[in-house]
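Understanding the architecture of this molecule
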Amino acid sequence: MNDITNNTSWRHVTDLTGKTVVITGCASGIGRATAMQFASAGAIVYGGDRNEADGQATISAIREAGGQGDFIKLDLTSGASIDAFVDTAVGKIGGAPDIIANVAGLDRVMPFVENTPDVWELLAQVNYIGPVRMIHRFLPLMLERRSGKIVTVASDAGRVGSMGETFYAGTKGAIIAFTKSLARETARAGLTCNCVAPGPTDTPLFNGTIPEGKLRDALIKAIPLKRLAQPVEIAHTIVYLATPATDFMTGQVISVSGGLTMHG
Ligand SMILES: NC(=O)c1ccc[n+]([C@@H]2O[C@H](COP(=O)([O-])OP(=O)(O)OC[C@H]3O[C@@H](n4cnc5c(N)ncnc54)[C@H](O)[C@@H]3O)[C@@H](O)[C@H]2O)c1
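A short tour of the structure in this document, coming up. Numbering of residues begins from 1 in every chain and follows the order in which that chain's sequence is written. The model is predicted, so local features are restricted to residues of pLDDT at least 70 and side-chain atom pairs to those at 80 or more, both for listing and for counting; the totals for chains, interfaces and linings are taken over all residues. Side-chain descriptors were evaluated using all non-hydrogen atoms of the structure, hydrogens and water having been removed beforehand.

**Re the pairing of strand β5 (residues 148-153)**
- Most of β5 is tucked away, with six of its six residues classed as buried.
- Remark: exposure states derive from per-residue accessible area (1.4 Å probe, protein chains only) relative to the maximum for the residue type, with buried under 20%, exposed over 50%, and partly exposed in between. Where helices and strands are cited, they refer to DSSP runs of H or I of at least four residues and of E of at least two residues respectively, numbered from the N terminus. Burial along β5 is two-sided: the face carrying Gly148, Ile150 and Thr152 and the face carrying Lys149, Val151 and Val153 are both buried.
- Note: strand β4 (residues 99-102) against β5, four bridges, orientation parallel. Its bridge partner lying in β5, Ile100 is registered against Ile150.
- In this fold, the crossover linking β4 to β5 by way of helix α5 (residues 117-145) has right-handed handedness.
- A strand pair is defined by DSSP finding two or more bridges across the two strands. With six bridges joining them, β5 and strand β6 (residues 191-198) adopt parallel strand pairing. Place the viewer so that the strands point away; then a crossover is right-handed whenever the path from the first strand over the helix to the second strand goes clockwise.

Encoded structure:
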């Protein structure tokens, strides 16, 4: 400690002490890393996931490290579950969260011609309709309070397309366009809405769809930084978009892809 770190009027711009964050997908991969990063920035974490055991484990890890948080079960394919999640979170927080981080997501890799409508419905529900419904439920309280930061994990697939992920890319493109429009609608009330678009990231989702082998090696070769992202590297940008460091940024999409995609 020195005078700068000790003095609260010098509080660092990325300090989230006492801020409340609702985060989906906290059981695994990027969501788990993000929940831990929010907690280490001082935020109180309300994590949701359909995987109860692993979601609880994330929150237990946060508490054991001295952080604060709670797990609330959530299934983004069910409107009733989303409503119950929101009601529980609002009850525990005593109002709207300061931050919503939509991280949960699902992918099915196969040629588009092999898609069946049930695949479209599932991916649309988890990657698009579910987060939209959750935001819609929290939004009136945030607008009334005139503050809030909404950060949604999209994908570079939604910006540049991706073979074998055609419908998934569509859901991610949809959430990007939704976020931009929402940013315009809510800016007057002081809210910010942004997306993070990860490139290939070392998580169970990625490892399940592109296992070790030639395809994976070729993909890594094409990444200028020559490796996959670690989940915490995506988490850093998600947390950054929820801090006062980005108060003047809204409607933006930040790619974290090791240079695989470079947007003008
Ligand atoms: N890993 C990558 O390479 C990559 C690349 C681009 C974008 N993304 C996006 O990053 C986000 C996180 O993915 P990840 O790689 O950490 O995957 P992951 O599979 O490790 O984690 C996803 C989490 O979402 C949860 N989830 C899935 N369906 C759910 C549902 N119906 N209700 C509630 N929770 C549900 C899972 O239980 C899991 O905990 C996703 O939105 C994904 O599309 C990942």
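**Comments concerning the pairing of strand β2 (residues 44-49)**
- Summarising burial for β2: six of the six residues are buried, a large majority.
- Here β2 shows no split at all, with Ile44, Tyr46 and Gly48 on one side and Val45, Gly47 and Asp49 on the other all buried.
- Regarding the hand of the β-α-β motif, the stretch spanning strand β1 (residues 20-24), helix α2 (residues 29-40) and β2 is right-handed.
- As paired strands, β2 and strand β3 (residues 68-73) are joined by six bridges and run parallel to one another. Directly across from Tyr46, in β3, lies its bridge partner Asp70.
- Handedness of the β-α-β unit built from β2, helix α3 (residues 52-64) and β3 comes out right-handed.

**Description of the pattern of salt bridges**
- Salt bridge criterion: a side-chain nitrogen from Lys or Arg within 4 Å of a carboxyl oxygen from Asp or Glu. Within the structure shown, the criterion is met by eight salt bridges.
- Linking Arg137 and Asp83 is a salt bridge whose minimum nitrogen-to-oxygen distance equals 3.1 Å. Note that Arg137 is positioned in helix α5 and Asp83 in helix α4 (residues 79-93), a separation of 54 residues in sequence.
- In this structure, a network of salt bridges that share partners links the residues Asp83, Asp87, Arg133 and Arg137.

**Details of the packing of aromatic side chains**
- Between the rings of Phe, Tyr and Trp (Trp by its six-membered ring), a pair exists once the centres lie within 6.5 Å; its type follows the angle of the planes, with under 30 degrees stacked, over 60 edge-to-face, and the other angles tilted. This model, assessed by the stated rule, comprises three aromatic pairs.
- Seen in terms of ring centroids, Phe112 and Trp120 are 6.2 Å apart; in terms of plane orientation they differ by 20 degrees. Their pairing is stacked.
- For Phe112, a relative accessible area of 43% translates into the label partly exposed.
- On the basis of relative accessibility, which here comes to 31%, the residue Trp120 falls in the partly exposed class.
- On the basis of an interplanar angle of 85 degrees and a centroid distance of 6.2 Å, the ring pair of Tyr128 and Phe178 is categorised as edge-to-face. Within this pair, whereas Tyr128 is found in helix α5, its partner Phe178 is found in helix α7 (residues 166-186), the two being separated by 50 residues in sequence.
- Grouping aromatic residues by their ring pairs yields a cluster made of Phe112, Trp120 and Phe167.

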